[in-house]
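Residues per chain, in single letters:
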Number of protein chains: 2
Amino acid sequence: MRDPDAFLASAAELLGERGFTRDPELMAPWLTDWRGRYAGNALAMASPASTEEVSAIVRLCARHRVPIVPQGGNSGMSGGATPDDDGDALLLSLRRMNAIREVNADSRQTVCEAGVILQNLHDAAAGKQMRFPLTLGGKGSATIGGLIATNAGGTQVLRHGTMRTQVLGLEAVLADGSVFDALTPLKKDNRGFDLKQLLIGSEGTLGIVTAATLRLLPEIGERAVLWAGLRSIGDARRLLLHCEARAGNHLEGFEVIPAHCLTAVLDHLPDARRPLASEHAWHALIELVAEEGATDGLSELAESILSEAFEAGTIEDATIAASETQAEQFWLLRDSISPAERAIGPAMQHDISVPVARMADFVQQAVPEVEARFPGTSAVAFGHLGDGNVHFHVLAPPNVVRGEWEDGEGKAISAFVHDLVTRWGGSISAEHGIGQMKRDELGRLGDPVALAMMRSIKQALDPQGLLNPGKLVPLAPEACSN
Amino acid sequence: MRDPDAFLASAAELLGERGFTRDPELMAPWLTDWRGRYAGNALAMASPASTEEVSAIVRLCARHRVPIVPQGGNSGMSGGATPDDDGDALLLSLRRMNAIREVNADSRQTVCEAGVILQNLHDAAAGKQMRFPLTLGGKGSATIGGLIATNAGGTQVLRHGTMRTQVLGLEAVLADGSVFDALTPLKKDNRGFDLKQLLIGSEGTLGIVTAATLRLLPEIGERAVLWAGLRSIGDARRLLLHCEARAGNHLEGFEVIPAHCLTAVLDHLPDARRPLASEHAWHALIELVAEEGATDGLSELAESILSEAFEAGTIEDATIAASETQAEQFWLLRDSISPAERAIGPAMQHDISVPVARMADFVQQAVPEVEARFPGTSAVAFGHLGDGNVHFHVLAPPNVVRGEWEDGEGKAISAFVHDLVTRWGGSISAEHGIGQMKRDELGRLGDPVALAMMRSIKQALDPQGLLNPGKLVPLAPEACSN
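Residues numbered from 1 in each chain as written. Chains lettered and ligands numbered in written order. Predicted model: local features only at pLDDT ≥ 70, side-chain atom pairs only at ≥ 80, totals over all residues. Heavy atoms only, no water.

Per an unreviewed UniProt entry, chain A carries the name FAD-binding oxidoreductase and comes from Pelagerythrobacter aerophilus. The record held by UniProt for chain A lists under Cofactor (unreviewed entry) the comment "FAD". Regarding chain A, the relevant UniProt record gives this comment under Sequence similarities (unreviewed entry): "Belongs to the FAD-binding oxidoreductase/transferase type 4 family." (UniProt positions renumbered as here; feature names shortened; annotations may be inferred.)

Structure, rendered in structure tokens:
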């Protein structure tokens, strides 16, 4: 940095009292990620209220060579929004830019600023009999800007795609403070490289998302939530193909849960009940939906799907939620897996994907392989089978010391799992992004050609390296060895 | 170029007799674009048979600084695959790489090499009761590689998206000959910038597509093809909203045709018949489809949509094709507009888009504005109203000299139309790409921030500027003034 005092004085003047602070107490909650895994320091926290203010503060940073860490709801999974220890970066919060500028049911579009909280968008859409087809656990804090910067996933990707699919238009501030304005949604536009796509999922390293035009869908008229007990994950794969063939566009979610996870959840939630009386090695949670006005036959469809699967021997037992309350209870079981497992003891968690068709085989081979290599551990895989994405958790042997185990054997386990998934042609980050957590693993395992392209693009668009330094883009091999 | 003789000798040895030629007769058909608008020269034509050969010849070009013009079926609309006059470039044909490596109905995926002709992929998919959901006029010659490089559109974009949506995995050779291999399709993958998206639509300026994994859909069980007569394009917009609300995912196409175009087609095709007895200012051609096994109620749906629209006063008259033959006849009317207009006389054609919701208003205002500014011309707009994309043709006044008019008043008309569409927040290239035809217009009208990003990325990934020089990426302002 050239002159911190001059920078700080200019920034304070530019953004005013509401938009700029160095107060340690106000900054503290935002300097640690929500799971407490990463902590850092910052020179100051800027909270601009408009795209113009974002542009102005970024220009100022560029002039003074001040690194910038953009942040939305601070609910990321990979430490991508936490600054490093140096304390020379500006923490740039987008939370004040929280206007939902438009919700248009006719064009099925909404225009949101980056700081809009996902739950608030859901509510605004519902107010117009529409819905925004992406949801996830952190919806009460995750912001639209953060969801776009990390190309977030969730439980509706099977039918509706990740955040990338929802983005029709985008506005972002680039490293020199210039504003890339592609907010106007054009369904067809072949004027060169699709720069919007490059910014989506770039985790603030190429630009800072300030607003977006997103797609909306008509609200759901009815849903049928099914719970099936299965012999194996291979049968879950067969059930998925059966559901896809029979339910087509009605199939909105397909999650798998092994016995171990269900038991953990039942232990963890005292009021929770097992959906089926019998015990099964695997469970599938399936959601079928129909839009308002097109709900005829949905429950019949659900029943035939299950009876056909039963006759074919694909499932051992199944039930359909009899009420919306029961449907919510089924989903609560699924959503409680992570906290239930945390209560048991330390675990290394991996957010991985392989081609959809290969995921069942992968799980069947990887679980015993990991457990054999690291005696005493238990490996469990659960989640979005329909997306080829599971959360692959490896639970520590009993009586290890929390904290120590993760830094020791835990690291070796993660490297082993990442090696394995890479050999299967998969991804070490399906939906959580790279951030600071997986940057070195990406450098170790990523395709050298892709990594070289990423470095060239980063260098081209952020030559001073000021946008979210240390995140996502692995250093070049020669730089690593310094 | 450093040493053409050394390069030519090495290239000939590398690719052998089938893969390399300098024979003017063999090269001639590929040195002019199919509409005869652009003609160029080349040092030689390379026709590698594998990704390894593409990689090797590109490496050789990089070493000798030989520019490369990649080419598929040579059916592009913007001269993007035609070399310039200099004759120092290598024409790189992908046509020999024409293997369909896999058609998998279970995973709904196919793996195709770049030179596969679209029609051949349609046939291969049909052989497995699947379909590839993108089609267009040039399907008998257009190749998968070219379709990806130009992010092609067509008549099914309304429901299924452009080529970008169909690409699940991609392989490309970069400027230095390295192979970017992202062929394995991962539904979720957040390992950094989505480089695949950057290559799609980059018209061979960032890399040469060699193969792709594409999505397939179950084949259609039934379709209903509707023809409606309307008072105005505003009513067509209302009919579109009505169809979207009532037919949802069954709506696959929505095209609009003004009276002028229908008359031209009826004059041009002696056997063609008017679908409706009465005359109307506008027509809508609508296709509803249902997948195999889910066709119940499609014709009832079509009938209710039309009777409701009639009662609401949105349409004046309508009919549903009574047979597959009649359905084909309706589509033939639509597909014959361009040749029918060419038969009338010279016209300036513009492939433009604005936000879907604004297209009807745009046409209503732009047509009289253009005709007033250029007396004697007639402006017509037809095509993909559901995508916010029309082909906006301005027909010459009677008795102009073909060839002269296009270069004189024609150019002024195009600039006027491009200015207009830009003021409406639209695109001067909705689906045909930029190529050499619109490069300078993109430079004149494109967002300077986006253009600067494009130039930086081009420079970063192709520092010698060897990949399809002179196409798509406008020169920097200072370079233009030289």
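## Considerations on the relation of the copies chain A and chain B
Overlaying chain A on chain B yields an RMSD of 0.0 Å, the required transformation being a rotation through 180° with an accompanying axial translation of 0.0 Å. When the rotation and shift are considered jointly, the pair of chain copies conforms to a two-fold rotation axis. When the interface residues of chain A are mapped onto chain B, 100% of them again fall at the interface, so both copies present the same face. (Least-squares fit on C-alpha atoms with pLDDT ≥ 70 in both. Contact = heavy atoms within 4.5 Å.)

## Quick word on the interface of chain A and chain B
At the junction of the two partners, chain A supplies 71 residues and chain B supplies 71 residues. Together chain A and chain B conceal approximately 5,300 Å² of surface at their shared face, both sides included; 64% is due to carbon and sulfur atoms. Area buried by chain A at its contact with chain B is led by Lys188(A), Asn190(A) and Phe193(A), which between them contribute 18% of it. Between chain A and chain B we count 8 salt bridges in total. Residue Lys187(B) pairs with Asp387(A) through a salt bridge whose shortest N-O separation is 3.8 Å. Of all the secondary-structure elements, those providing two or more residues to the side of chain A that touches chain B are helix H6 (157–160), strand E9 (179–182), helix H8 (195–199), helix H9 (233–247) and helix H17 (448–461) of chain A. Looking at which element gives the most residues to the side of chain A that touches chain B, the answer is H17(A), with 9 residues. (Buried area = accessible area lost by both parts, 1.4 Å probe. Salt bridge = Lys/Arg side-chain N within 4 Å of Asp/Glu carboxyl O. Helix = DSSP H or I, 4+ residues; strand = E, 2+ residues; numbered from the N terminus.)

## Here we look at the domain arrangement of chain A
Residues and elements named next belong to chain A. Here chain A is described as being made up of domain 1 (4–93), domain 2 (100–218), domain 3 (220–337), domain 4 (345–423) and domain 5 (439–477). Distance from the C-alpha centre of domain 1 to the C-alpha centre of domain 5: 22 Å. Across the boundary between the two partners, domain 1 contributes 12 residues, which contact 6 residues of domain 5. A combined buried area of about 660 Å² lies between domain 1 and domain 5, and 54% of that area is made up of carbon and sulfur atoms. Put simply, domain 1 and domain 5 have 0 salt bridges between them. Where domain 1 packs against domain 5, one counts 7 residue pairs in polar contact (both at pLDDT 80 or more). For the side of domain 1 that touches domain 5, the leading source of residues is strand E3 (residues 68–71), giving 3 residues. In the side of domain 1 that touches domain 5, the residues fall into 8 nonpolar, 3 polar and 1 charged. (Domains from an automatic or database assignment. Polar contact = N/O pair within 3.5 Å; in protein donor to acceptor, adjacent residues only side chain to side chain. Nonpolar A, V, L, I, M, F, W, Y, C, P; charged D, E, K, R; others polar.)

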